[in-house]
Amino acid sequence: MSTLKKTENIFIRKRKNDTLIFLVLIGIFAAASLVTGYNPADGIRSFPAAIQWIVTNLVPDHEAMERFPKILSELMETALLSTAVTVTAAIFAFFFSLPGSSITKVNGIAKRTVRIIAAFFRNVPDVVWAMVLMFSFGQNILTGFFALFFTTFGLLTRAFIETIDEVSADCIEALDSTGCPFLTKVFQGVLPSSLPGIVTWILYMIETNIRSSTLIGILTATGIGALFDLYYKRLDFSSASLVVLSIVVLVLGIETTSNQIRKVIL
Amino acid sequence: MNTNPTITAESVRPASPPFSLGFMDRDRGGKLRIKAKNPSERAMKILVAALLGITVLAFATFDYKGIDFGKALADTLSNLRVVFLEPRLSSDTLTNVLWQLFFTFCLGTLATFIGAILAFFFSLLCARNIANAVCVNVVKSLVAVARAVPTILWVLIFAVSAGLGSVAAVAGLSFHSFAYLTKAYAESIAV
């Protein structure tokens, strides 16, 4: 009898908990809507409206096709830029993450410092970096390069620290017992065993950076973002749609390629 | 006749070993291979080489517009000092700054909520162990396209159709979180 009562209690308590969580979520939603003046009904209505607008306006026409070579060359530049940024940032981030990992750390202070610096670079949005760099570098490709570089560097440092922590503990212990010097340990132990993880992260960041470089391009008037901005402000939506489509094709292409690569290397 | 043959290199080291060592894998230079052939290692080497090659190509083809790098770098450092170390409330009040921060936080919360609710239902449609194969492929491709379009473009598209304001912001942001979360949820449903 008493067990039955206990079971019932558990169910009642669980239901109470679920209801409470649900109400809290609804409350947060309502409060956030109130603060931002967001109208859920308008929000729902905006989805079909947007899709209808996309179908009627975002269709490349003949005029847009004439601009295709220009779009393609800008797209190429963006792809090269994001690859270059990611690879450069990855090289710096790998060496920077070594003192941050608990396996290859020098001491506790260095480890914490590395993590704080990485968090700083990661959490300042790339847009802010782009704005600051705009003053000194102007509308130059290097503005976009450094803006993407800083955030990628922060993110990859954090990711590499975790990859190194997970992967190479046994290997490092073995190398340590032979009295290996630090750099040998890094290049013979840490790097080979964490390379699959590192490459996976690099491929992911290349894809992300292509997307981010659109926004930065709008700000710094370089690359594919600037081209979209130009057509969008001229209300030349068919050309803008061609830009969107070409970005989609590029990103999907990179995503598919990196999935295939991941299958081979892992 | 010489009964004591001079010791030469040939007589000490016979041309072929007196017993068979079996098959020995040698590389092109004649060195013994001490590692098994590993296709994934080979793929990795090619990939790393390709990435480094693209990077060098990128740096070589960029249009730097003859920028004075040293001066720009020095300017950047002083700008960074101003931005990060000398904050001053010259054109705004602290309350307004905090209020705008809170406003942004609320936009993010709303977008994530809406995205998560939509993503839950769509992830059911593209989890291989629940939905049928055609449905999975269609929904997965649609979500992949939605993910490939940058967030800023979604927001701009919604800004045209819904007008400027929080509705466009939330719709654009939630569209992207929806696309990401659908993929993540579907993967955790169909482990």
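Here goes a summary of the coordinates provided. (Residues numbered from 1 in each chain as written. Chains lettered and ligands numbered in written order. Predicted model: local features only at pLDDT ≥ 70, side-chain atom pairs only at ≥ 80, totals over all residues. Heavy atoms only, no water.)

## Quick look at the overall build of chain A
So the rule is basically this: Comment: elements are numbered from the N terminus, with helices defined as DSSP H or I runs of at least four residues and strands as E runs of at least two. The globule rule used for comparison is 2.2 Å times the number of residues to the exponent 0.38, while the radius of gyration itself is calculated over C-alpha atoms. Here the term buried applies to any residue with accessible area under 20% of the maximum for its type, exposed to any over 50%, and partly exposed to those in between, with areas from a 1.4 Å probe on protein chains only. Contact between two residues is taken to exist if any of their heavy atoms lie within 4.5 Å; hydrogens are not considered. For this count, His and the chain ends are skipped, Lys and Arg are scored as positive, and Asp and Glu as negative. To locate a charge, take atom NZ for lysine, CZ for arginine, CG for aspartate or CD for glutamate.
Helix and strand counts for chain A come out as eleven helices and zero strands. The order of helices and strands in chain A, counted from the N terminus, is α-α-α-α-α-α-α-α-α-α-α. Taking 2.2 N^0.38 as the reference for a compact globule, 266 residues should give roughly 18 Å; the C-alpha atoms of chain A span a radius of gyration of 25 Å, well beyond that estimate. Along the longest, intermediate and shortest principal axes, the C-alpha atoms of chain A span 70 × 70 × 40 Å. With 266 residues in all, chain A has 47% of them scored as buried. Counting contacts in chain A only where the partners sit at least 6 residues apart, residues at least 24 apart contribute 75% of the total. Counting 21 positive and 19 negative side-chain charges, chain A places the averaged centre of each group 12 Å from the other.

## Things to note about the packing of aromatic side chains
Rule in force here: Only the six-membered ring of Trp is used, alongside the rings of Phe and Tyr, when aromatic pairs are assigned; centres must lie within 6.5 Å, and planes under 30 degrees apart are stacked while those over 60 apart are edge-to-face, with the rest tilted.
Here the structure, examined in full by the defined rule, presents 38 aromatic pairs over all chains. Taking 5.8 Å as the distance between ring centres and 80° as the angle between the ring planes, the aromatic pair formed by W201 of chain A and Y204 of chain A counts as edge-to-face. Here the residue W201 of chain A and the residue Y204 of chain A both occupy positions in helix α9 (residues 182–220), the gap between them amounting to three residues, near one helical turn. With a relative accessible area of 30%, W201 of chain A lands in the partly exposed category. Judged by its relative accessible area of 35%, Y204 of chain A is partly exposed. For the pair F158 of chain B and F175 of chain B, a centre-to-centre distance of 5.8 Å together with 55° between the ring planes defines the contact as tilted. Of this pair, F158 of chain B sits in helix α6 (residues 151–162) while F175 of chain B sits in helix α7 (residues 166–189), placing them 17 residues apart in sequence.

## Describing the interface of chain B and chain A
In many analyses, interface size is given as the accessible surface area lost on bringing the parts together. Short version of the rule: Using a 1.4 Å probe, buried area is obtained as the accessible area two parts lose upon being combined, added over both of them. For this document, the term salt bridge refers to a Lys or Arg side-chain nitrogen within 4 Å of an Asp or Glu carboxyl oxygen. Pairing of N or O atoms within 3.5 Å defines a polar contact, subject to two protein rules: one partner must be a possible hydrogen donor and the other a possible acceptor, and residues neighboring in sequence count only if both atoms are side-chain atoms. Charged residues are taken to be Asp, Glu, Lys and Arg, nonpolar residues to be Ala, Val, Leu, Ile, Met, Phe, Trp, Tyr, Cys and Pro, and polar residues to be all remaining types, Gly included.
Taken residue by residue, the interface counts 62 residues in chain B and 62 residues in chain A. Of all residues in chain B, M44, F62 and L110 of chain B give up the largest surface area on contact with chain A, accounting jointly for 10% of the area buried on that side. For the pair chain B and chain A, the number of links is one salt bridge. The residue R147 of chain B makes a salt bridge to E255 of chain A at a minimum N-O spacing of 2.9 Å. Counting across the chain B and chain A interface gives eight residue pairs in polar contact (both at pLDDT 80 or more). No other element matches the 13 residues that helix α2 (residues 39–61) of chain B contributes to the side of chain B that touches chain A. Looking at side-chain class alone, the side of chain B that touches chain A contains 47 nonpolar, ten polar and five charged residues.

## Considering the pattern of salt bridges
Residues and elements named next belong to chain A. Here the structure, examined in full by the defined rule, presents twelve salt bridges over all chains. Between D18 and K14 there is a salt bridge; the shortest N-O distance is 3.5 Å. A residue pair is termed a helical-turn pair when its members lie 3 or 4 positions apart in one helix, as D18 and K14 do in helix α1 (residues 2–36) at four residues. Since its relative accessible area comes to 48%, K14 is described here as partly exposed. Between R67 and D236 there is a salt bridge, with the nearest N and O atoms lying 2.5 Å from each other. Of this pair, R67 sits in the loop between α3 (62–66) and α4 (68–97) while D236 sits in the loop between α10 (223–233) and α11 (237–265), and the two are 169 residues apart along the sequence. D236 gets classed as buried once you look at its relative accessible area, which sits at 14%.

## As for the side chain of T157 of chain A
All names here are of chain A. Locating T157 in the fold gives a position in helix α7 (residues 141–167). A residue is classified by how much of its surface remains accessible, and T157, at 0% relative accessible area, is buried. Excluding its chain neighbours within four sequence positions, the residues that come into contact with T157 are A93, F96, S97, V114 and A118.

## So, helix α2 (residues 40–57) of chain A
Where we set the bar: Expected span, for any helix, means 1.5 Å times one less than how many residues it has. Bend is computed residue by residue as the angle between axes fitted to the seven residues ending at the residue and the seven residues starting at it.
End to end, α2 of chain A covers 25 Å across 18 residues, agreeing with the expected 26 Å (1.5 Å per residue, within 8%). Remark: the principal bend of α2 of chain A, roughly 25°, maps to S46 of chain A, with a proline, P48 of chain A, within the next four residues. Restricting attention to buried positions, one finds in α2 of chain A the residues G43, S46, F47, A50 and W53 of chain A. Summarising the contacts, the buried residues of α2 of chain A are in contact with α11 of chain A together with α4 (94–125), α6 and α7 of chain B. One side-chain oxygen at the N-terminal end of α2 of chain A lies 3.1 Å from the backbone nitrogen of A41 of chain A; it belongs to N39 of chain A.

## Regarding a nonpolar patch on the surface
Note the following rule: Patches here: salt-bridge-free residues with over 30% relative accessible area, like charges joined within 9 Å, nonpolar side chains (Val, Leu, Ile, Met, Phe, Trp, Tyr) joined within 5 Å. Residue exposure ignores everything except the shown protein chains as possible cover, and the areas themselves are Shrake-Rupley values with a 1.4 Å probe.
A surface patch of nonpolar side chains, amounting to about 680 Å² of accessible area, comprises I91, F92, F95, F182, L183 and F187 of chain A together with L52 of chain B. Of all the elements in the fold, those that place two or more residues in the nonpolar patch are α4 and α9 of chain A.

## Observations concerning the state of the cysteines
Residue and element names in this part refer to chain B. We apply this condition: A pair of sulfur atoms, both from cysteines and within 2.5 Å, is called a disulfide here.
Taken as a whole and judged by the stated rule, the model has zero disulfides over all chains. As a non-bridged cysteine, C135 has C126 as the owner of its nearest cysteine sulfur, 7.9 Å distant. When its relative accessible area of 22% is taken as the criterion, C135 is described as partly exposed.

## Side note on the side chain of T152 of chain A
Tracing the backbone shows T152 of chain A in helix α7. The class for T152 of chain A is buried, based on a relative accessible area of 0%.

Bear in mind that shape data such as this cannot, by itself, settle questions of function.
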